[in-house]
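# Per-entry structural report
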Amino acid sequence: MSRLRAVPGGQSAPQPARAGSMVKVRVEAPGKVNLFLSAGAPGADGYHLLTTVFQAVRLIETVTARRQAADLRGTITLGLEEPDPAVPTDATNLAVRAAARLAEETGVTDGVDLLLRKRVPVAGGMAGGSADAAATLVACNALWGTGLSQAQLLVLAAQLGADVPFPLLGATAVGHGRGDRLTPLMARGTYHWVFATSAQGLSTPAVFQRFDALAQDSAAPAAPADVPAELTGALRDGDPRALAACLHNDLQEAAISLRPQLADIIALAEASGALRAMVSGSGPTIAALAPDPATAMRVANALTASGLVTGALRADAPVAGARMVG
Ligand code: ATP
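All values reported here derive from a predicted model rather than from experimental measurement.

## Observations concerning the domain arrangement of the chain
Domain parsing of the chain yields domain 1 (2-185) and domain 2 (191-317). Here the C-alpha centroids of domain 1 and domain 2 sit 25 Å apart. Tallying the contact residues gives 30 residues for domain 1 and 40 residues for domain 2. Between domain 1 and domain 2, a total of about 2500 Å² is buried, with carbon and sulfur atoms accounting for 66% of that surface. It is Leu35, Phe36 and Leu37 in domain 1 that bury the most area against domain 2; as a group they hold 22% of the surface buried on that side. One can count one salt bridge joining domain 1 with domain 2. Note that aspartate 316 and arginine 58 form a salt bridge whose closest N and O atoms lie 2.7 Å from each other. Seen at the junction of domain 1 and domain 2, the total is twelve residue pairs in polar contact (both at pLDDT 80 or more). At the level of elements, strand S2 (24-42), strand S3 (48-66) and strand S6 (172-176) are the ones that each hand at least two residues to the side of domain 1 that touches domain 2. In terms of residue count, S2 provides more of the side of domain 1 that touches domain 2 than any other element does, eleven residues in total.

## Quick look at the site of the ligand
The environment of the ligand is made up of 18 residues, and the closest members are Ala123, Ala127, Gly129, Asp132 and Thr204. In the model, a nitrogen atom of the ligand is placed 3.0 Å from a nitrogen or oxygen of the leucine 94 main chain. Here an oxygen atom of the ligand sits 2.8 Å away from a polar atom, N or O, in the main chain of glycine 125. Look at the ligand: alone it shows 600 Å² of surface, and the protein chains cover 74% of it. Per element, the largest residue contribution to the shell around the ligand is three residues, and it comes from helix H2 (residues 128-143). Considering only residue class, the shell around the ligand consists of nine nonpolar, seven polar and two charged.

What counts as what
- Residues numbered from 1 in each chain as written.
- Predicted model: local features only at pLDDT ≥ 70, side-chain atom pairs only at ≥ 80, totals over all residues.
- Heavy atoms only, no water.
- Domains from an automatic or database assignment.
- Contact = heavy atoms within 4.5 Å.
- Buried area = accessible area lost by both parts, 1.4 Å probe.
- Salt bridge = Lys/Arg side-chain N within 4 Å of Asp/Glu carboxyl O.
- Polar contact = N/O pair within 3.5 Å; in protein donor to acceptor, adjacent residues only side chain to side chain.
- Helix = DSSP H or I, 4+ residues; strand = E, 2+ residues; numbered from the N terminus.
- Near = heavy atom within 4 Å.
- Areas by Shrake-Rupley, 256 points an atom, 1.4 Å probe, with all protein chains shown as cover.
- Nonpolar A, V, L, I, M, F, W, Y, C, P; charged D, E, K, R; others polar.

What follows is the structure in structure tokens.
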């Protein structure tokens, strides 16, 4: 486990009076699937304006935040329950950045020891790192007794990354701007998803670059499209078949052009019973929507047996946003 000193000079700095008296806080936060993603042309800053619909899925990241040991007081340290070379444990980890940002905002210099239990596929377009950051904001806010409101945490979350606010909120929501300006959406019922994972991640910037290159060859609109009324209606009615018909991801073509095998995985998922399958976010995870749990099992088995995927994870949705447990 690597250690770092992310709150310089913390040991001797005076502490504000705070209510926090806990020694350990555990917070769970969900991964997400984009039910709809429309991207406009990039702005001067290179970022794309998006319209997206997020749904929180039961692939749950767990962050345990502990009071820092006396000899490490003032530092932010992070460990993984199951070490993974693809997940950094230094200051670049989004959870460490979240704790450091909250500490900076509130003037807390205690430091914290974070332990991550990861269940969202890494670099899979399902915002696992963002879920860790959201969970860390909630955990440290409780551990340190800093008492920021959810609205205040949402502001910090957006500063950490466009995908960080949604796992704070959970459930189903529309994202505007970079996807970080959220409005909750009414969704009835339970949706049964299968997520086909790949050993090799896809870089989100690389997928957007390919999206831009492809858009140059077509008459792509400058502004993202609105969420279709059919999609919000399907969610309101709790109708997975109607929802399947309006699932859409503007980044799918770009992700498939970088990883052509994704098209085969989509075709197999649909042939084995999925109502629809599509690239999740910037990929390479493929999200398949099944009509019921038994079909979800069949789709997962077919994907696993095909050898085309590294794993097939079943998860229902929607689920709640970051919350304390235990
Ligand atoms: P993005 O859309 O930001 O690329 P993603 O959802 O595809 O994200 P993540 O699992 O969130 O994938 O992480 C992408 C990369 O971010 C990883 O390859 C890793 O190098 C880095 N990273 C930083 N913090 C974390 C974290 N807590 N968990 C996983 N990866 C992290």
